[in-house]
Amino acid sequence: MPRTVRDVVFVDGVRTPFGKAGPKGIYHETRADDLVVKAIRELLRRNPDLDPKKIDEVAIAATTQIGDQGLTLGRTAGILAGLPQSVPGYSIDRMCAGALTAVTAVAGGVAFGAYDVALAGGVEHMGRHPMGEGVDPNPRFVSEKLVDESALFMGMTAENLHDRYPTITKLRADEYAVRSQEKAAKAYADGKIQQDLVPISVRNTNEAVGETGWGLVTTDEPMRPGTTLENLAGLKTPFRTHGRVTAGNAAGLNDGATAAIIASEDFARENNLPVKMRLVSYSFAGVEPEVMGYGPIPATEKALAQAGLTIDDIGLFEVNEAFAVQVLAFLEHYGIADDDARVNQYGGAIAFGHPLASSGVRLMTQLARQFEEQPHVRYGLTTMCVGFGMGATVIWENPNFNAEGDSK
């Protein structure tokens with residue numbers, strides 16, 4: 001018999017504070033899977049009306065699926081989080097868009113009727129598992145010139161994107177980065193970020209980085225409030241001599257995890273769960289790997305076409321800031337100003353950090369919070385560039401939408 005496609009909603013999302021990767025980072029002594037477990041437990045705590053036995057799937061992404069990020073993470077994290085053993089799980093890898101893909105994957109299952117409710121998220125502990133650890137790229141990529149050699153180095157792809165967009169200067173990238181830091185600091189000051197953070201207990205045994213013992217992480221470590229253009233102007237350009245990409249106008253190497261509840265709208269309403277966003281469309285697109293940062297443009301074109309919308313219908317944008325140039329290329333393509341108030345209202349990955357496979361759900365939690373505050377906005381999107389030449393975009397509808405601007 002024919003099936004009816006069901007409406008899919010974003011019920012809730014949380015994340016750990018993001019940390020700096022490496023021996024001095026806050027999560028140096030913390031396991032990657034434990035970060036995911038804390039996020040899942042917090043989701044269940046915040047949504048007591050969700051019976052864990054009713055969860056149909058757990059999809060967790062990681063880019064480097066090795067060590068404490070391996071072993072079918074969705075299944076193992078679910079068991080560690082105390083979910084019933086009847087709840088299945090699996091792991092996903094789409095590099096930077098891992099958590100975003102986890103959401104769209106389970107959303108497809110919900111729309112089709114295979115699931116009523118599922119958990120989706122991602123983790124990246126880049127301190128324990130640097131990007132590319134243990135991989136062995138096929139030599140044919142370079143020997144047969146299937147891709148440019150620079151495609152294997154994300155910073156080089158960002159320099160290549162600067163070449164494609166000569167009007168995007170280093171100064172523009174630095175100006176964008178300063179605004180990201182300023183918006184993130186303001187969002188913290190206004191209490192917009194903390195509401196969706198999971199406090200994490202951490203243990204420090206490294207005397208070289210300060211006090212040893214236990215502590216509680218409640219804020220993002222990578223942020224640099226007070227960053228100025230002068231600070232950024234003198235930074236090195238490690239990917240190219242006299243280049244334009246620096247540690248100041250790009251996301252760093254980070255650790256962190258995210259998790260979200262995705263459900264059919266009927267299930268959410270029947271089980272007294274919040275409905276924070278309604279899924280409209282999603283799309284993925286491939287581009288030349290050496291200009292990875294271009295990916296959000298064709299992915300957004302496809303998602304808009306699927307939804308029957310234009311870019312003018314989008315009232316809020318959450319664009320992952322892997323590199324400032326990548327966001328600026330997206331904005332320039334659509335004729336949107338660098339400082340447009342609709343874009344990354346709370347700041348982005350340049351300030352908060354970008355633990356690869358976890359970041360997609362961070363974009364969603366921030367968009368959901370903005371939807372709640374701005375009922376006059378009907379549509380928003382979350383978009384990211386993806387390693388090895390891809391883009392990913394999800395378009396969402398605000399369930400609080402009221403053309404008059406008043407919450408329902």
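Definitions and cut-offs
- Residues numbered from 1 in each chain as written.
- Predicted model: local features only at pLDDT ≥ 70, side-chain atom pairs only at ≥ 80, totals over all residues.
- Heavy atoms only, no water.
- Helix = DSSP H or I, 4+ residues; strand = E, 2+ residues; numbered from the N terminus.
- Rg over C-alpha atoms; globule rule 2.2 N^0.38 Å.
- Contact = heavy atoms within 4.5 Å.
- Lys, Arg positive; Asp, Glu negative; His and termini not counted.
- Charge placed at Lys NZ, Arg CZ, Asp CG, Glu CD.
- Phe/Tyr/Trp six-rings, centres within 6.5 Å; stacked < 30°, edge-to-face > 60°.
- Buried < 20%, exposed > 50% of the residue type's maximum accessible area, 1.4 Å probe, protein only.
- Lys NZ or Arg CZ within 6 Å of the ring centre and 35° of its normal.
- Pairing = 2+ DSSP bridges.
- Right-handed = clockwise from strand over helix to strand, strands pointing away.
- Expected span 1.5 Å × (residues − 1).
- Patch = residues over 30% accessible without salt bridge, like charges linked within 9 Å, V, L, I, M, F, W, Y side chains within 5 Å.
- Areas by Shrake-Rupley, 256 points an atom, 1.4 Å probe, with all protein chains shown as cover.
- Salt bridge = Lys/Arg side-chain N within 4 Å of Asp/Glu carboxyl O.
- 1 Å grid on protein atoms, 1.4 Å probe; cavity = no way out; pocket = protein on both sides within 12 Å on 5 of 7 lines; lining within 4 Å.
- Points joined across faces, edges and corners; volume = space filled by probe spheres on them.
- Nonpolar A, V, L, I, M, F, W, Y, C, P; charged D, E, K, R; others polar.
- Core = buried A, V, L, I, M, F, W, Y, C linked by side-chain atoms within 4.5 Å.

Going by an unreviewed UniProt entry, the protein carries the name Acetyl-CoA C-acyltransferase and comes from Streptomyces virginiae.

*Asks:* Before we move on, can you summarise the overall build of the protein with the specific residues and values?
*Replies:* On a plain count of helices and strands, the protein comes out with twelve helices and twelve strands. A globule of 408 residues ought to have a C-alpha radius of gyration of about 22 Å, and the protein, at 20 Å, matches this closely. Across its three principal axes, the protein shows a C-alpha extent of roughly 60 × 50 × 50 Å. A separation threshold of at least 6 residues defines the contact pool for the protein, and within that pool the share at least 24 residues apart is 78%. In the protein, 38 side chains carry a positive charge and 51 a negative one; their mean positions are 2 Å apart.

*Asks:* Tell me about the packing of aromatic side chains, and please be specific about residues and values.
*Replies:* Applying the stated criterion across every chain yields a total of six aromatic pairs. Each ring, one from Tyr-188 and one from Phe-352, has its centre 6.5 Å from the other, and the planes form 45°; the classification is tilted. In this pair, Tyr-188 is assigned in helix H6 (residues 170-189) and Phe-352 in helix H11 (residues 349-352), connecting sequence segments 164 residues apart. For the pair Tyr-188 and Phe-352, one class covers both residues: buried. Through a chain of ring-to-ring contacts, the aromatic side chains of Phe-317, Phe-330 and Tyr-334 assemble into a single cluster. One residue, Arg-15, lies across the ring of Phe-352, its end atom 5.4 Å from the ring centre.

*Asks:* I'd like a rundown of the side chain of Thr-157, residues and numbers included.
*Replies:* By the element assignment, Thr-157 lies in helix H5 (residues 154-164). If sequence neighbours within four positions are ignored, Thr-157 has contacts with Ser-150, Ala-151, Pro-289, Glu-290, Val-291 and Met-292.

*Asks:* Give me the lowdown on the pairing of strand S3 (residues 58-61), citing residues and values where you can.
*Replies:* Side chains of S3 alternate between two faces, with Val-58 and Ile-60 and Ala-59 and Ala-61 buried alike. Pairing between S3 and strand S5 (residues 117-125): four bridges, direction parallel. Considered in S5, the bridge of Ala-61 is made with Gly-122. Here S3 runs beside strand S4 (residues 90-92); their pairing, made up of three bridges, is parallel. Its bridge partner being in S4, Ile-60 is matched across the sheet by Ser-91. With helix H2 (residues 73-80) bridging S3 and the parallel S4, this β-α-β connection has right-handed handedness.

*Asks:* Go over helix H12 (residues 359-373) with me, naming the residues and quoting the values.
*Replies:* Over its 15 residues, H12 extends 22 Å from the first C-alpha to the last, a length consistent with the 21 Å expected when each residue adds 1.5 Å. Within H12, 13 of the 15 residues are buried, which leaves it mostly tucked inside the rest of the structure.

*Asks:* Can you explain a nonpolar patch on the surface? Please cite residues and give values.
*Replies:* A surface patch of nonpolar side chains, about 390 Å² in accessible area, is lined by Val-142, Leu-152, Phe-153, Met-156 and Phe-239. Looking at the element boundaries, Phe-239 is found in the loop between helix H7 (229-233) and strand S8 (254-264).

*Asks:* With reference to specific residues and values, describe the pairing of strand S6 (residues 200-204).
*Replies:* Burial along S6 is one-sided: Ile-200, Val-202 and Asn-204 are buried, while Ser-201 and Arg-203, pointing the other way, are not. As paired strands, S6 and strand S7 (residues 213-217) are joined by five bridges and run antiparallel to one another. Opposite Ser-201, over in S7, you have Leu-216 as the bridge partner.

*Asks:* Now, about empty space enclosed by the protein: what can you tell me, with residues and values included?
*Replies:* In total, this model carries two cavities of 30 Å³ or more according to the counting rule given. Roughly 50 Å³ of internal volume is contained in the largest cavity. Considering the residues around the largest cavity, the lining is formed by Arg-15, Lys-192, Ile-193, Asp-196, Arg-362, Thr-365 and Gln-366. Estimated volume of the second largest cavity: approximately 40 Å³. Lining the second largest cavity are Phe-10, Asp-12, Gly-13, Asp-196, Lys-276, Thr-365, Ala-368 and Arg-369. Contributing elements (two or more residues each) for the lining of the second largest cavity: strand S1 (8-15) and H12. Of the residues that constitute the lining of the second largest cavity, the class distribution is two nonpolar, two polar and four charged.

*Asks:* Go over the nonpolar core, please, and point to the residues and values.
*Replies:* Counting 40 residues, the largest nonpolar core has Phe-10, Leu-100, Met-277, Met-364 and Trp-396 as its most contacted members. Looking at which element gives the most residues to this core, the answer is helix H3 (residues 98-112), with eight residues. Residue contacts for Leu-100: discarding those within four places in its chain leaves Phe-284, Gly-360, Met-364, Thr-382, Met-384, Ala-392 and Val-394. Within the second largest apolar cluster, 39 residues are counted, among which are Val-319, Ala-324, Val-325 and Leu-331.

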